[in-house]
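# Structural characterization, general
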Amino acid sequence: MTQRAVGRGRAGPADNHGVRDDLIEVLRSSPAVTVHPGSGAPEEWIVAAETELGIRFPMSYRRWLAELNDTWIAGEPVLCLAPPEFARDADTDIRYRPRLDPAWSGTELTVFVPDGDERYVLALDRPTTEGEVAVLRHDLVSGTTEVHADSFGGFLLAMVAEPEGARPVRQATEVPGTVSIWVGTVGDEDQLFDHVEIRYPAAGEPTSRFGTETGLGWYDEDLAEGSVSTDPAVSLVEHSYGPSFAAAARADLAGYPEVNALYLIYDLDATALAGRGGLLRFLGAYRYTR
């Protein structure tokens, strides 16, 4: 086992439907929105995604990809384009769901899933203005569908305009004596630790690919450990305080026979982020004793 402690198309002229320059600034300045500087998608990424999906993205969505791309609203990601090296595993990538659905028809493209009750999609078969399509809201509880906006730009504006507190933010919680564990399959330890390494840009918030994909954001690396091994179930006990939580974690780990990587953060309960991730998926939160 290798174990390491961590620390220890272009859019056209501005109009009422596209992602206008002023809306870009609203997104960058809104307290409900997290924008990662320098994360705009190169044109070749956009073209490659369009080619793979066999579609042309709406104009406002294309401009948003090029200008902002990696954007979160109230702690939830707007589906975007992950860097090519992460795109296959990242569930924040716009292609992730179509890849998993062999029956995908190309008429709807999911762009935002804030919780288990609703889903927002680009209705590719419902054009509105030139180069734009409607955004639909599917209510997954009632089974109803409504037109939420007449463009992706309109969708963004509606999301930002929601009253403060209208959309709850799911967050991890500091809980002493609890360890949160993520699992995944990596090529080697360098891939794992590059994925979780927190970068500190000259402008903007420090983050890592792991923090972005899981919704965790920044965390204290001094409280984190990672390992890569051929038998993670055995490796659990070798981590700090492992004997106190290994049995409980192994029961959940049995559902992931293919994984070889573990990532642990102590004194943190990330249960609220379950179901989110890319390269690493949340396994569970477990009590430990020193």
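Coordinates for the structure precede this section.
Residues numbered from 1 in each chain as written. Predicted model: local features only at pLDDT ≥ 70, side-chain atom pairs only at ≥ 80, totals over all residues. Heavy atoms only, no water.

### Digging into the packing of helix α3 (residues 59-67) against helix α5 (residues 152-161)
As a reminder of what qualifies: To define axes, lines are fitted to C-alpha atoms, for helices over the stretch in contact only, and angles between the resulting N-to-C directions are given on a 0 to 180 degree scale. The way it works is that DSSP assigns letters per residue, a run of H or I at least four long becomes a helix, a run of E at least two long becomes a strand, and they are numbered from the N terminus. Two residues form a contact once any of their heavy atoms are found within 4.5 Å.
The interhelical angle for the contact between α3 and α5, taken along N-to-C directions, is 65°, at an axis separation of 7 Å. Touching S60, Y61 and W64 of α3 are F152, G153 and L156, all from α5.

### Let's talk about the nonpolar core
To keep things clear, this is the line we draw: What makes a nonpolar core is a set of buried Ala, Val, Leu, Ile, Met, Phe, Trp, Tyr and Cys residues whose side-chain atoms join them at distances within 4.5 Å. Burial classes: relative accessible area under 20% of the type maximum marks a residue as buried, over 50% as exposed, and values in between as partly exposed (1.4 Å probe, protein chains only).
Counting 35 residues, the largest nonpolar core has F57, Y61, W64, L65, L122, F152 and F155 as the members making the most contacts within it. Going through the elements one at a time, α1 (21-29), α2 (43-53), α3, β5 (108-115), β6 (118-127), β7 (133-139) and α5 are the ones with two or more residues in this core. Broken down by element, this core gets its largest block of residues, five residues, from α5. Formed by 20 residues, the second largest nonpolar core is a distinct cluster that contains L192, F193, A261 and I265.

### Examining the packing of aromatic side chains
The test is simple: Pairing of aromatic rings covers Phe, Tyr and the six-membered ring of Trp, with a centre-to-centre limit of 6.5 Å; geometry is then stacked below 30 degrees between planes, edge-to-face above 60, and tilted otherwise.
Scanning the model with the defined rule gives 16 aromatic pairs in all. Measuring from ring centre to ring centre gives 5.4 Å for W182 and F282, while their planes differ by 65°; the resulting arrangement is edge-to-face. With W182 in strand β9 (residues 173-184) and F282 in strand β12 (residues 280-287), this pair connects stretches of sequence that are 100 residues apart. A relative accessible area of 1% places W182 in the buried class. A residue is classified by how much of its surface remains accessible, and F282, at 10% relative accessible area, is buried. On the basis of an interplanar angle of 75° and a centroid distance of 5.2 Å, the ring pair of F210 and Y263 is categorised as edge-to-face. A residue pair is termed long-range when its members are at least 10 positions apart, and F210 in helix α7 (residues 209-214) and Y263 in strand β11 (residues 261-269) qualify at 53 residues.

### A word on the pattern of salt bridges
Heads up, the condition is: Only one rule defines a salt bridge in this text: a Lys or Arg side-chain nitrogen within 4 Å of an Asp or Glu carboxyl oxygen.
Under the counting rule described, the total for this entry stands at 13 salt bridges. Where E50 meets R62, a salt bridge forms, and the shortest distance between an N and an O atom there is 2.8 Å. Taken together, the positions of E50 in helix α2 and R62 in helix α3 put the pair twelve residues apart, joining distant regions of the chain. You'll find E50 and R62 in the same group, each marked buried.

### As for the sheet that holds strand β3 (residues 71-73)
Worth spelling out the cut-off: Two strands are said to pair when DSSP picks up at least two bridges between them.
Here we have three strands laid out as an open sheet, ordered β2-β3-β4, and antiparallel in their pairing. Taken across any chain shown, the strands that pair with only one partner, and hence form the sheet edges, are β2 (33-35) and β4 (76-77). Two strands pair when backbone bridges link them, and β3 and β4 are joined in this way by two bridges, in the antiparallel orientation. Among the inter-strand pairings, W72 is bridged to a residue of β4, identified as P77.

### Let's talk about the sheet that holds β6
With antiparallel pairing, the four strands of this open sheet are ordered in space as β5-β6-β7-β8. Looking at which strands have only one partner, the edges of the open sheet turn out to be β5 and β8 (145-149). Strand after strand, the sheet turns through a mean of 35° between neighbouring axes, direction not considered. Bridging between β7 and β8 involves four bridges; their strand directions are antiparallel. The residue of β8 that forms the bridge with H138 is T145.

### Some details on α5
Quick reminder of the rule: By construction, the arc corresponds to the directions joining the helix axis to the C-beta atoms. Here a polar contact is taken to be a pair of N or O atoms separated by no more than 3.5 Å, where protein atoms must pair a possible hydrogen donor with a possible acceptor and residues adjacent in sequence count only if both atoms sit in side chains.
Along α5, the residues classified as buried are F152, G153, F155, L156, M159 and V160. Buried residues of α5 fall within an arc of 160° about the axis and therefore sit on the same side. Between the side-chain oxygen at the start of α5 and the backbone nitrogen of G153 there is a gap of 3.4 Å, and the oxygen is on S151.

### Focus: the pairing of β11
Among the nine residues that make up β11, eight are buried, leaving the element largely enclosed by the rest of the structure. With eight bridges connecting them, β9 and β11 associate as antiparallel partners. In the sheet register, G184 faces β11, and the bridge partner there is A261. Where strand β10 (residues 224-228) and β11 come together, five bridges link them in antiparallel fashion. What sits directly across from E225, in β11, is L264.

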